[in-house]
Amino acid sequence: MARKDLLVIATIGAAVAALAVRAQTPLSYAKDVEPIFVKACANCHGGDNPKKGLDLSSGKGYADLTQHKSQESPLMALVKPGDPAGSYLWLKVSHTALEGRGMPRTLFGSKKLPQTELDTVRDWIIQGANP
Ligand code: HEC
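Counting restarts for each chain, with residues numbered from 1 along the sequence as it is written. Where totals are concerned, whole chains, interfaces and linings use all residues; where local detail is concerned, this predicted model gives features only for residues with pLDDT of at least 70, and gives and counts side-chain atom pairs only at 80 or more.

**Q** Explain the overall build of the protein to me, please; I cannot follow it from the model alone.
**A** Going along the chain from the N terminus, every DSSP run of H or I of four or more residues is numbered as a helix, and every run of E of two or more is numbered as a strand. Looking only at helices and strands, the protein has five helices and two strands in total. Seen in sequence order, the protein has helices and strands lined up from the N terminus as α-α-α-α-β-β-α. Here the protein holds 131 residues, and the buried ones make up 21% of them. Pairs at least 24 residues apart make up 47% of the contacts formed inside the protein by residues separated by at least 6 positions. Put simply, a residue is buried when 20 or more other C-beta atoms lie within 10 Å of its own C-beta and exposed when 12 or fewer do; between those, it is partly exposed, and each C-beta is set from the backbone. Remark: residues whose backbone-derived C-beta atoms lie within 7 Å of one another are considered to be in contact.

**Q** Help me understand unusual backbone geometry in this model?
**A** Note: most peptide bonds trans; most residues except glycine with negative phi. Geometrically, the link from Met 103 to Pro 104 is a cis peptide bond, its omega value of 0 degrees lying close to zero. For Pro 104, the location among the structural elements is in the loop between α4 (88–93) and β1 (105–106). If you check the backbone angles, Lys 52 has positive phi at about 55 degrees while not being a glycine. Residue Lys 52 is classed as partly exposed on the basis of its 15 C-beta neighbours within 10 Å. Not every positive phi belongs to a glycine, and His 95 is a case in point at roughly 60 degrees.

**Q** It is not clear to me how the site of the ligand should be interpreted in this structure. Could you clarify?
**A** For each residue, a C-beta atom is placed from the backbone, and the residue counts as near a molecule or strand when that atom lies within 6 Å of it. In the region of the ligand, 24 residues are neighbours, and Cys 41, Cys 44, Glu 72, Gly 100 and Met 103 sit closest. For the shell around the ligand, the elements supplying multiple residues, two or more each, are α2 (29–40) and α4. The element contributing the most residues to the shell around the ligand is α4, with four residues. As a working rule, the residues Ala, Val, Leu, Ile, Met, Phe, Trp, Tyr, Cys and Pro are called nonpolar, Asp, Glu, Lys and Arg charged, and the rest polar, with Gly in that last group. Looking at the shell around the ligand, its residues break down into twelve nonpolar, six polar and six charged.

**Q** Looking at this model, I keep getting lost on the packing of α2 against helix α5 (residues 115–126). Mind explaining?
**A** If you want to describe how two helices pack, look at the angle between their axes and the distance between the axes. Simply put, an axis is a line fit to the C-alpha atoms, just over the touching stretch for a helix, and the angle between two N-to-C directions goes from 0 to 180 degrees. Where α2 contacts α5, the axes come no closer than 10 Å and their chain directions differ by 135 degrees. By the angle class used here, α2 and α5 are oblique. The handedness of the crossing between α2 and α5 is left-handed. On the side of α2, the interface is formed by Tyr 29, Asp 32, Val 33 and Ile 36, while α5 contributes Glu 117, Thr 120, Val 121 and Trp 124. Here the contact of α2 with α5 is composed, by residue class, of five nonpolar, one polar and two charged. Any angle between 65 and 115 degrees counts as roughly perpendicular, while under 35 counts as roughly parallel, over 145 as roughly antiparallel, and the rest as oblique. By definition, turning the near helix anticlockwise from the far helix through less than a right angle yields a left-handed crossing, and turning it clockwise yields a right-handed one.

**Q** Explanation requested: α5 in the structure shown.
**A** Residues separated by three or four positions in an α-helix point in the same direction, a consequence of the helix having 3.6 residues per turn. Given the number of residues in a helix, its expected span is that number minus one, multiplied by 1.5 Å. Under the 1.5 Å per step criterion, the end-to-end length of α5 is 16 Å for twelve residues, consistent within 8% with the ideal 16 Å. Along α5, the residues that are buried comprise Val 121, Trp 124 and Ile 125. Along the axis of α5, the buried residues cluster in a sector spanning 100 degrees; they form a single face. Of the exposed residues in α5, those oriented more than 90 degrees away from the buried face are Gln 115, Thr 116 and Asp 119. The directions from the helix axis to the C-beta atoms form the arc being described.

Encoded structure:
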């Protein structure tokens, strides 16, 4: 077998191993989700008067999201571990909530997070909303 072929096989092997590790390690709020929210949300959901009392700034978001009901839809939890459709946070970021606007809001309306980030938020909820 040529050296080049061996190199290709080794590279593929490493990629498969990396994927397997990723599949086994559940997503975590601190590592995977918080960086998205700090970047896209904390300018409104942070500071002295976070919108709807929801503080998504560094170190604050996990407790607010997992311990509070939605203010807009008070029968719903913001995050119901294992159940995106039952999580008001998911309805807001997937733009399917009936109240208010889709998140993140902008000056001129709303935009959606990039699909990979939406997938991360959804999978984090499905996997049990780990810290
Ligand atoms: C430009 C300001 C702004 C940005 C950026 C923003 N939000 Fe909001 N958010 C609001 C406002 C204002 C409301 C209440 C009105 C509404 O729902 O449109 C709200 C409401 C919410 C609610 C409902 C809270 C409740 O208790 O019912 C959630 C959940 C939420 N935002 C999540 C997010 C997430 C996650 C992001 C980032 C991906 C984000 N928001 C970005 C301003 C913002």
